Every structure is written in structure tokens, then in C-alpha cells.
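# Structure at a glance
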Amino acid sequence: MKITTFDPIIISPKADEAIKVFEELGFEKTHAPVTDTGKSMVQSVRMKDVNGFHIDISDADTIPQDKIYIRMNVDDFDEAYDILKKHGFTNKRGDDTLDTNHAKEATMVSPSGFTIALIQHVQ
């Protein structure tokens, strides 16, 4: 299994404000897909700075305050999922995944509380 992306995601009811902060820090929007999570439509803005650092900011009006996750894209979802489960991570959707036309995703929570958005892009 290979990790292909590893960076923070800010999930915020005030995503526009967070985006403005990172724009002033030198980040530029690279794309902004909208995903049907099954609960709502969520727009995620991917940003990159001149040094190659990335941050994702997702608009979520269903939460009261910002949450920060680690985004981890992998080339083998099942292997990564099994590794995380072996270390006590739980999937916020039970054993379900969010399958879209471009990715397979699961939000995995560690025993101590940090969260990894596990993603494998599909062609």
C-alpha cells in the first residue's frame, strides 16, 4: 500500500472564512469538487502553496464548529483500512464507505480521538 497524499482537512460551517485566511497565507485554490455524502452536498476546496503544501477546506453547515482531519489518499483502500482497524480505529459509518464516481472514502477515528479521512481515488 502506498500513501499518495497526506495533508490536513478543515471541515467548517464557515469555510469561506477559512479559505480567505489560507489565501492570505499564499495558498491558491486548485479545484473544488462537490460530494454527496448521503446526508448533504459538501463542497471541498483543495488549496496549494508555492512550496507544494496542500490543505483541503470543506463546507459543512451541519456542525457547530470546525473539525480538523488528516486526509490520507492511498492506492489500496482495503489494505489501509485493515491496518487502521488493526490499530483500533473505528469507521464513523460502521463498516460502510462513501463510494462516489471518483473515490472510495471512510472517516476513521483513532482510539485517542484523531481522525483520518481515508480515500482511494478510482478511475
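First, a word on what this report is: a plain description of the structure on this page. Keep in mind that what you see is a predicted model, and the values were worked out from it rather than measured.

Reading guide: rules and limits
- Residues numbered from 1 in each chain as written.
- Predicted model: local features only at pLDDT ≥ 70, side-chain atom pairs only at ≥ 80, totals over all residues.
- Heavy atoms only, no water.
- Helix = DSSP H or I, 4+ residues; strand = E, 2+ residues; numbered from the N terminus.
- Buried < 20%, exposed > 50% of the residue type's maximum accessible area, 1.4 Å probe, protein only.
- Contact = heavy atoms within 4.5 Å.
- Arc of directions from axis to C-beta.
- Pairing = 2+ DSSP bridges.

## Re the environment of Pro 8
Relative to the elements of secondary structure, Pro 8 occurs in strand E1 (residues 3–12). Assessed through its relative accessible area of 35%, Pro 8 is described here as partly exposed. In sequence terms Pro 8 and Ile 55 are 47 residues apart; their C-alpha atoms lie 5.4 Å from each other. The residues touching Pro 8, leaving out its near neighbours within four places in the chain, are His 54, Ile 55, Asp 56 and Tyr 69.

## Notes on helix H2 (residues 77–86)
If you check which residues of H2 are buried, you get Phe 77, Ala 80, Tyr 81 and Leu 84. For H2, the angular spread of the buried residues around the axis is 100 degrees, confining them to a single face. Residues Asp 82 and Lys 86 are exposed on H2 and point more than 90 degrees away from its buried face. Structurally, H2 contributes buried residues whose contacts are with strand E6 (67–74), strand E7 (90–91), strand E9 (103–109) and strand E10 (115–121). Just downstream of H2, Gly 88 is the residue with a positive phi angle, here 90 degrees.

## Some remarks on the pairing of E9
Each regular strand carries side chains that alternate between the two faces of the sheet. As paired elements, E7 and E9 share 2 bridges and run antiparallel to each other. Across the sheet, Asn 91 pairs through a bridge with Met 108, a residue of E9. Pairing geometry for strand E8 (residues 98–99) and E9, over 2 bridges, is antiparallel. Counted as the bridge partner of Asp 99 is Lys 104 from E9. Sheet analysis places E9 next to E10, joined by 7 bridges and oriented antiparallel. Looking at E10, one finds that Met 108 is bridged to Ile 116. Connecting E9 to the next strand, E10, in antiparallel fashion are 5 residues, including Gly 113 with a positive phi near 115 degrees.

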